[in-house]
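# Examining the three-dimensional arrangement
Below are the chains, spelled out letter by letter.
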Amino acid sequence: MTSDEIIINGGRPLRGRIEVRGAKNLATKAMVASLLGTSPSVLRNVPNISDVRVVAGLLALHGVLITRGEDPGEWRLDPTNVETAHKADIDAHAGSSRIPILFCGPLLHRLGEAFIPDLGGCRIGDRPIDFHLDALRKFGAVVEKLPSGISLTAPDGLKGANIELPYPSVGATEQVLLTAVLAEGQTELRNAAIEPEIVDLICILQKMGAIISMEPNRVIFIEGVEELRGYDHRAIFDRNEAASWAAAALATKGDVFVGGVKQEEMMTFLNIFRKVGGDFDVHDDGIRFWHPGGALKPVTIETDVHPGFMTDWQQPLVVALTQAEGVSTIHETVYENRFGFTDALNQMGADIVVYKDGLADPGRRVKRREFEQAAVITGPMPLTGADIEVPDLRGGFSHLIAALTAEGQSKVTNLGIISRGYENFIEKLRLLGADFVYES
């Protein structure tokens with residue numbers, strides 16, 4: 001729980017331009033990848049968010065020298081003197097991020113051992129790490145679960161393996177990539193995640209000297225090499241933040257230019273945005289999103305792994321759908337507990353019914369999954385101001401959008417969670433003309 005809060009006077013359209021920096025889901029993983037190199041790495045376009053600072057702290061504990069470059073968002077990571085961190089120091093970061101699990105492969109290669117504290121992050125699902133641990137065991141790691149975390153060793157080193165993931169998990173795919181590049185022999189990964197951030201991580205590893213080929217049907221081959229060097233790389237833009245500001249423009253009947261955004265990685269979102277009734281213009285330096293007037297239209301959305309509609313996109317868009325004329329349905333197939341944020345929206349006047357076991361729909365394209373949920377949103381329903389406590393990262397930003405959309409005054413507390421994934425969001429609200437008072 002953080003003490004940050006914001007009082008928002010809603011009902012004012014957001015208008016103006018903001019810039020989106022590198023993706024949280026790439027920058028933090030790229031920082032971990034620097035552990036694999038024998039020389040320093042330079043990562044550019046790094047967002048100033050708390051998840052990045054957590055990873056920087058863990059890297060520093062292991063002996064990585066981190067310095068900031070002259071350009072904003074430029075970090076230099078020197079792993080030359082990597083050493084074993086003291087467990088008590090690592091425990092200080094326990095529960096603050098899920099990224100530490102990705103330290104396993106690189107630390108086993110560098111030190112022959114690794115200790116990972118209890119994992120935190122948003123409470124939107126169980127987020128099992130069994131995929132990670134099963135993969136590491138196949139590489140030859142010995143895993144011991146302790147009350148305070150997980151201890152890993154590799155008495156015989158790590159060797160290439162044949163791995164098929166039961167689900168195309170982004171984190172488990174990253175785990176395999178970060179481990180396989182220095183493992184002896186070849187690794188074949190099936191049912192891999194192929195998100196743009198995964199491709200960007202593969203580009204980084206290839207710059208470092210790795211041999212990785214992406215094949216059709218979610219298959220990735222990695223040939224282990226003996227040594228990797230540092231990289232120089234500019235992180236891909238944050239698709240989640242871009243979609244969040246686009247949804248805010250739509251919900252508030254605004255007009256927002258999001259700088260640094262590329263069309264190709266946003267195509268699935270842009271299709272839905274247009275179906276709902278939003279409009280956009282693609283420019284070389286970003287995308288302009290706006291509400292063109294008239295009624296918004298209801299849609300049916302099924303979240304899925306890339307190239308499907310991202311689970312992180314649905315939460316901000318739900319707020320706009322409360323203003324659409326008709327009934328929208330969202331089938332959440334990635335996380336089993338991602339609709340908790342709708343309670344606050346209903347408190348503000350929305351009509352959202354959550355089905356905890358999902359809904360059958362003969363027209364669906366995404367295969368029904370065991371833990372899925374569904375939300376049915378009926379609109380348009382006017383929102384009114386309320387007191388809201390932020391529950392998680394994307395849900396929290398959705399609450400900000402709701403407060404900006406609602407008539408009257410809202411107080412949103414526990415804002416620190418939002419800073420995990422949104423850089424300088426308070427300043428960006430100012431740039432877009434929001435009416436608010438912020439207290440930290």
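Everything numeric here is computed off the predicted structure, so don't read it as measured data.

## Regarding the confidence of the model for the chain
Across the chain, the average pLDDT comes to 92, with 94% of residues at 70 or higher. Taken as a whole, residues 121-127 scores under 50 in pLDDT and shows 20 contacts with residues more than four places along the chain or in a different chain.

## A closer look at the nonpolar core
Counting residues in each nonpolar core, the largest one holds 143 residues, and the members touching the most others are F103, L152, L205, W245, F269 and F289. It is helix α8 (residues 239-251) that provides the largest number of residues to this core, a total of nine residues. When residues no more than four places from it in sequence are discounted, the contact partners of F289 are A246, A249, G254, D255, V256, V258, F269, L270, F273, D279 and F280.

## Considering the packing of aromatic side chains
Scanning the model with the defined rule gives eight aromatic pairs in all. Ring geometry for F269 against F289: centres 6.4 Å apart, planes inclined by 75°, an arrangement best described as edge-to-face. In this pair, F269 sits in helix α9 (residues 267-276) while F289 sits in strand β16 (residues 286-290), placing the two residues 20 residues apart along the sequence. Of the two residues examined, F269 and F289, each falls in the buried class.

## Re the environment of F221
With respect to the helices and strands, F221 occurs in strand β12 (residues 219-223). A relative accessible area of 23% means that F221 is categorised as partly exposed. Each C-alpha atom, one on F221 and one on T84, is 30 Å from the other, the two residues being 137 residues apart in sequence. Among residues more than four places away in sequence, those in contact with F221 are Q186, T187, E188, I211, I212, S213 and E215.

## Concerning the sheet that holds strand β5 (residues 75-78)
The four strands lie next to each other as β4-β5-β3-β13, forming an open sheet whose pairing is mixed. In this open sheet, the two edge strands, each paired with only one partner strand, are β4 (65-68) and β13 (232-234). Taken over all neighbouring pairs, the strand axes of this sheet differ in orientation by 20° on average, direction set aside. In this sheet, β5 lies alongside strand β3 (residues 41-44) in antiparallel orientation, the contact comprising three bridges. Residue L43 lies in a different strand from β5, and its bridge partner there is W75.

## A word on the pattern of salt bridges
Tallied over the entire structure, the rule returns 20 salt bridges. The closest approach of N and O atoms between R44 and E74, which form a salt bridge, is 3.0 Å. Note that R44 is positioned in strand β3 and E74 in the loop between β4 and β5, a separation of 30 residues in sequence. Taking relative accessible area as the criterion, R44 reaches 27% and is therefore assigned partly exposed. A salt bridge links R364 to E302, with the nearest nitrogen and oxygen atoms 3.6 Å apart. Of the two residues, R364 sits in the loop between β19 (351-355) and β20 (373-379) while E302 sits in strand β17 (residues 300-302), which places them 62 residues apart along the sequence. Neither residue differs from the other here; R364 and E302 are each classed as buried.

Parameters and conventions
Residues numbered from 1 in each chain as written. Predicted model: local features only at pLDDT ≥ 70, side-chain atom pairs only at ≥ 80, totals over all residues. Heavy atoms only, no water. pLDDT = per-residue confidence, 0-100. Contact = heavy atoms within 4.5 Å. Core = buried A, V, L, I, M, F, W, Y, C linked by side-chain atoms within 4.5 Å. Buried < 20%, exposed > 50% of the residue type's maximum accessible area, 1.4 Å probe, protein only. Helix = DSSP H or I, 4+ residues; strand = E, 2+ residues; numbered from the N terminus. Phe/Tyr/Trp six-rings, centres within 6.5 Å; stacked < 30°, edge-to-face > 60°. Pairing = 2+ DSSP bridges. Axes fitted to C-alpha atoms, helices over the stretch in contact; angles between N-to-C directions. Salt bridge = Lys/Arg side-chain N within 4 Å of Asp/Glu carboxyl O.

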